[in-house]
Amino acid sequence: MSPTHAPAGAARQGSLRELNLALVLGRIAAADRPPSRADLATATGLTRATVSAVVEDLLAGQLVSEADPAPRAGAGRPARGLVLADTGPAGLGLEVNVDYLTVCVVDLAGQVRHRTVHRADLRPVAPEDALARLVDLAGHARADAARQGLTLAGAALAVPGLIDDSGQVRLAPNLGWRDVPVPELLSAHPALTDQVPGVPALMVDNEANLAALGELHSRPPGPASFLHISGEVGIGAGIVLDGALFRGVRGWSGEIGHFPVHPQGRPCRCGGRGCLEQYAGQEAIVTAAGLVRAELPADTATARLAELAEAGDPDALRALHDAGTALGVAVASVVNLLDLDTVVLGGGYAPLAPWLCPPVLAEIGARVLTAAWSPVSVRPSTLGPEAAAVGAAGSVVRRIVARPAGWLGRAG
Ligand SMILES: [Zn+2]
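Residues numbered from 1 in each chain as written. Predicted model: local features only at pLDDT ≥ 70, side-chain atom pairs only at ≥ 80, totals over all residues. Heavy atoms only, no water.

Peer 1: Which parts of the structure should I look at to understand the overall build of the protein?
Peer 2: Broken down by element type, the protein carries 13 helices and 15 strands. Taken over C-alpha atoms, the radius of gyration comes to 24 Å for the protein, in line with the 22 Å a tight globule of 412 residues would show. Taken over the C-alpha atoms alone, the protein extends approximately 75 × 55 × 45 Å along its principal axes. Within the protein, buried positions represent 49% of all 412 residues. Sequence separation of at least 24 residues holds for 63% of the intrachain contacts in the protein that already meet a minimum separation of 6. Summed over its atoms, the accessible surface of the protein is roughly 18,900 Å², and 55% of this surface lies on carbon and sulfur atoms. With 33 positive and 40 negative side-chain charges, the protein shows a separation of 7 Å between the mean positions of the two kinds. (Helix = DSSP H or I, 4+ residues; strand = E, 2+ residues; numbered from the N terminus. Rg over C-alpha atoms; globule rule 2.2 N^0.38 Å. Buried < 20%, exposed > 50% of the residue type's maximum accessible area, 1.4 Å probe, protein only. Contact = heavy atoms within 4.5 Å. Areas by Shrake-Rupley, 256 points an atom, 1.4 Å probe, with all protein chains shown as cover. Lys, Arg positive; Asp, Glu negative; His and termini not counted. Charge placed at Lys NZ, Arg CZ, Asp CG, Glu CD.)

Peer 1: In this structure, what is going on with the sheet that holds strand E12 (residues 235–241)? I would like to understand it.
Peer 2: Strand order in this open sheet of five strands is E13-E12-E11-E14-E15, and the pairing throughout is mixed. Only two strands of the sheet have a single neighbouring strand rather than two, namely strand E13 (244–245) and strand E15 (377–380). Note: strand E11 (residues 226–231) against strand E14 (residues 342–347), five bridges, orientation parallel. Residue pairing in the sheet places Ile 229 in a bridge with Leu 345 of E14. Packing against the sheet, helix H11 (residues 353–367) makes contact with E14 and E15, and its axis sits at approximately 165° to E15. (Pairing = 2+ DSSP bridges. Axes fitted to C-alpha atoms, helices over the stretch in contact; angles between N-to-C directions.)

Peer 1: Explain the coordination of the zinc ion to me, please; I cannot follow it from the model alone.
Peer 2: Four donors placed tetrahedrally around a metal ideally meet at 109.5 degrees, and six donors placed octahedrally ideally meet at 90 or 180 degrees. Protein coordination at the zinc ion: the donors are His 258 (ND1), Cys 268 (SG), Cys 270 (SG) and Cys 275 (SG), at 2.0 to 2.3 Å from the metal. Angles of 106 to 118° at the metal separate the four donor atoms of the zinc ion, which places the site in the tetrahedral class. Note on Cys 270: relative accessible area 40%, which makes it partly exposed. (Donors = N, O, S within 2.8 Å, 3.2 Å for Na, K, Ca; no water. Tetrahedral: all angles 85-135°; square planar, octahedral: opposite > 155°, others 65-115°.)

Peer 1: What exactly am I supposed to notice about H11 here?
Peer 2: An α-helical segment advances 3.6 residues per turn. Residues three or four places apart therefore align on the same side. If you check H11, its first and last C-alpha atoms are 20 Å apart, about what 15 residues at 1.5 Å a residue would give, namely 21 Å. Among all positions of H11, only Ala 353, Trp 355, Leu 356, Cys 357, Pro 359, Val 360, Glu 363 and Ile 364 are buried. (Expected span 1.5 Å × (residues − 1).)

Peer 1: Got a minute to help me understand the pattern of salt bridges in this structure?
Peer 2: Two side chains carrying opposite charge are able to pair once their charged atoms lie near each other. Per the counting criterion, the structure on display carries 18 salt bridges. A salt bridge links Glu 66 to Arg 37, with the shortest nitrogen-to-oxygen separation between them at 3.0 Å. Of this pair, Glu 66 sits in strand E1 (residues 64–66) while Arg 37 sits in helix H2 (residues 37–44); the two residues are 29 residues apart in sequence, bridging distant segments of the chain. What makes Glu 66 partly exposed here is its relative accessible area of 29%. By sharing partners, the salt bridges in this structure join Arg 37, Glu 56, Glu 66 and Arg 80 into a single network. (Salt bridge = Lys/Arg side-chain N within 4 Å of Asp/Glu carboxyl O.)

Peer 1: Please explain the sheet that holds strand E9 (residues 177–180) as it appears in this structure.
Peer 2: What holds strands together in a sheet is hydrogen bonding between their backbones, with the strands either parallel or antiparallel. Strand order in the open sheet formed by three strands is E7-E8-E9, with antiparallel pairing between adjacent strands. Every other strand in the sheet has two partners, leaving strand E7 (162–163) and E9 as the edge strands with one partner each. Note that E7 and strand E8 (residues 169–172) share two bridges and pair antiparallel. Pairing of Leu 162 across the sheet is with Leu 171, part of E8.

Structure representation (structure tokens):
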């Protein structure tokens, strides 16, 4: 027999341990209340002894901790439940957008432990300078995380554009970025995180996709299929079907901002005409309301619009109604195509939802064939303006939970 048998057997044993670690940690992550070791044995079909050994590894690696036991009537020592740890590995989430940079840290349990939003118009800033500012903010986040007993195990960066498999930004029209080699530019700086096997040091993804993932994994859980629309200067959509992001063949799905709502209409930065962004993008709404956007930072522009609408300002109300109508035309097409029943308005749209939802619903009612029998719900996101960065950090955390052996073996 070949002498390779022993290593192959060892490899099988190693992979079995990895599978058991992932199985038990996955159950702890998905549980509604902290499961005991006995609960985990029942749920996984593993023996009590195996579960105990796996749990010891997870405790030693700071992936789980023991919850305080619930007081129990009657005799006997209450079993201690297990929860995801609030120290140990964490994910770093980053976002570059047209008028802000965001950095956040999310722990294994999904809690946001650090967040920084830096407001600045980044259109005149070279990509390498914008990324250098982001690295600086990330350094502060890493130090703050360390003070809280957290280690950054990986990072994900959200960009409002088309990103290829290598992390290169092919095109971010509103930032003016074209063929920007983000991983290469970042490699000139100190590492953002600690290297952990199985967790990419940096993933780059579209901000609308990451915001949709943030919404998908928020608590309490919402529907498994929905359309999430991020309304910033540009408009992006994340399509979630049966609990998974639909990325398209090349990862470039969701460019709803360039749906032609008036085919012969205003020229767009993409080279087309009459795109949704030209009627429902933040700049379009602000201009239609008679405000001068250049004089207002993004968050102020949205807050000012909401304030004016609240006060019944006719220009602001008309601008929001027209934007909502254009948005509704585009959303109705998506709903007709994909048969979705939930639309979430995120990013800068969330605070404007009281005025955007009625015209969006009116267009859906008029244009979606099935709306008469099956109403479509349109609601604001609850994640706030940092949804993409939170979703980015959460995507790192979910990779650790799916493959805990990488984290546990990092020292080896
Ligand atoms: Zn366009």
